[in-house]
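Breakdown of the fold
Chain by chain, the residues:
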Amino acid sequence: MPGRERTAFLSAIGVLLLAVLCWGLAPVANRYLLRSLSPPHLVVGRFVVASLFFVPLILRMRKQHWSRADLLRAIFCGFASILGYNVAVTYGLEWVSAGMGGLLVATAPLWIALFSRVVEREPLHWTGLVGLALSLGGVATLIGWTALLPEHKATLFWGMGLVLFASMMWAMYTVAVRPLSSRYGAPVSTGFTTIVGTLPLVFLWDPHLLPAFVQLREGDWFAFALLAFGSTVVATMLWNYGVTRLPSTQAGIFLNLLPVVSMGGGSLFLGEHISLNMLLSGVIIVAGVVVTQVPSFAAFQRQKASTSEMDKAETHISQHLKGKIS
């Protein structure tokens, strides 16, 4: 691998790891802030601040020609992303641990594969069905063993249900936003859908919101910065940069680290206990996600081998022609 290509490859690996680190720590930051803020205050403050960062990006829309259908799609994507995913996951994390929330969010790639099959008629390989079954088995294991715990509460299951619903909504957003990203660019599409999805949150504004933020401590502000700026803005930009320099199949594998980061962060910063149930469920869920990615990764390897053979053939022909000319 030439020096320039190696540098690009390593930089892509670095930014993808940093993006996954920000996203994996998001449930930890959510849980941390919910000790000081109510869920409505947290989601309003987070996305109002994040939307301000995105304003310069969507100014590019003046030079683009959005159709009415694309605008309606963008509104749906904004509601699915902010209300369906982020608001639901924030309320859910009030009742479940960061590690458990990270495990449930990690099922998103499976729902993406399923919705892609239903909405876009993309072919679903048999490994996709096996992976979906494995991950659902992991979720069932997590829920079933939790139900057997003597200290379990009904709110715990409400929280798990909300986080799982949020994971499905994120998958729906991912499938629906693809055409917008391809036509208008990922930064503009991300910024516009974020701002549109944030607008309904103004109904959650109340006079106690600003005083609640004034009382935050240094650690709370760090967690809030990680959510509003790191997870929502920076991680998205880093991810978009990384996936332009690595095939999506390779980049997608990094998402398997999300539950590991969430469980580790919950244990380190919140003192959450990592049970054998969570570890076993996590292994099953991640295994299901990995199995789902096998066909895409195999196709990438075949394409890479084919490209390598073509390069060798072109080099051989070039050397042969040079020999004849000389």
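Residues numbered from 1 in each chain as written. Predicted model: local features only at pLDDT ≥ 70, side-chain atom pairs only at ≥ 80, totals over all residues. Heavy atoms only, no water.

**Overview of the overall build of the protein chain**
Looking only at helices and strands, the protein chain features 13 helices and zero strands. Secondary structure elements of the protein chain, listed N to C terminal, follow the sequence α-α-α-α-α-α-α-α-α-α-α-α-α. Counted over contacts in the protein chain with a minimum sequence separation of 6, partners at least 24 positions apart contribute 89%. (Helix = DSSP H or I, 4+ residues; strand = E, 2+ residues; numbered from the N terminus. Contact = heavy atoms within 4.5 Å.)

**Some thoughts on helix α12 (residues 258-270)**
In a regular helix each residue adds 1.5 Å, so 13 residues correspond to 18 Å; α12 covers 17 Å between its end C-alpha atoms and thus fits that length. Following α12 by one or two positions, Gly-271 has its phi on the positive side, about 70°. (Expected span 1.5 Å × (residues − 1).)

**Let's talk about the packing of aromatic side chains**
Here the structure, examined in full by the defined rule, presents eight aromatic pairs. With 5.4 Å between their ring centres and 65° between their planes, Trp-66 and Phe-192 make a pair best called edge-to-face. Of this pair, Trp-66 sits in the loop between α2 (39-58) and α3 (68-92) while Phe-192 sits in helix α8 (residues 186-198), placing them 126 residues apart in sequence. Given a relative accessible area of 13%, Trp-66 falls into the buried group. The class for Phe-192 is buried, based on a relative accessible area of 15%. Ring centres 5.2 Å apart and planes at 75° place the aromatic pair Phe-213 and Phe-224 in the edge-to-face group. In this pair, Phe-213 is assigned in helix α9 (residues 209-214) and Phe-224 in helix α10 (residues 218-243), connecting sequence segments eleven residues apart. Under the relative-accessibility criterion, Phe-224 is labelled buried at 6%. Here the aromatic residues Trp-66, Tyr-184 and Phe-192 are joined through ring pairs into a cluster of three or more. (Phe/Tyr/Trp six-rings, centres within 6.5 Å; stacked < 30°, edge-to-face > 60°. Buried < 20%, exposed > 50% of the residue type's maximum accessible area, 1.4 Å probe, protein only.)

**Quick look at α3**
Compared with an ideal rise of 1.5 Å per residue, which puts 25 residues at 36 Å, α3 spans 34 Å between its outermost C-alpha atoms and is within 8% of the ideal. In α3, a bend of some 25° at Ala-80 exceeds every other bend along the element. (Bend = angle between axes of the 7 residues up to and from the residue.)

**Considerations on the confidence of the model for the protein chain**
The share of residues in the protein chain with pLDDT of 70 or more is 76%, and the mean pLDDT across the chain is 79. Put simply, helix α11 (residues 248-253) is where the protein chain has its lowest mean pLDDT, 58, and α3 is where it has its highest, 93. (pLDDT = per-residue confidence, 0-100.)

**Describing the side chain of Arg-46**
By the element assignment, Arg-46 lies in helix α2. Among the polar contacts listed, one links the side chain of Arg-46 to the side chain of Thr-232, at a separation of 3.2 Å. Setting aside chain neighbours within four positions, we find Arg-46 in contact with Asn-30, Asn-86, Phe-224, Leu-227, Ala-228, Ser-231 and Thr-232. (Polar contact = N/O pair within 3.5 Å; in protein donor to acceptor, adjacent residues only side chain to side chain.)

**Topic: the side chain of Asn-30**
Inspection of the secondary structure assignment puts Asn-30 in helix α1 (residues 3-33). Overall, the relative accessible area of 3% leaves Asn-30 in the buried class. Excluding its chain neighbours within four sequence positions, the residues that come into contact with Asn-30 are Leu-42, Arg-46, Thr-90, Leu-93 and Leu-227.

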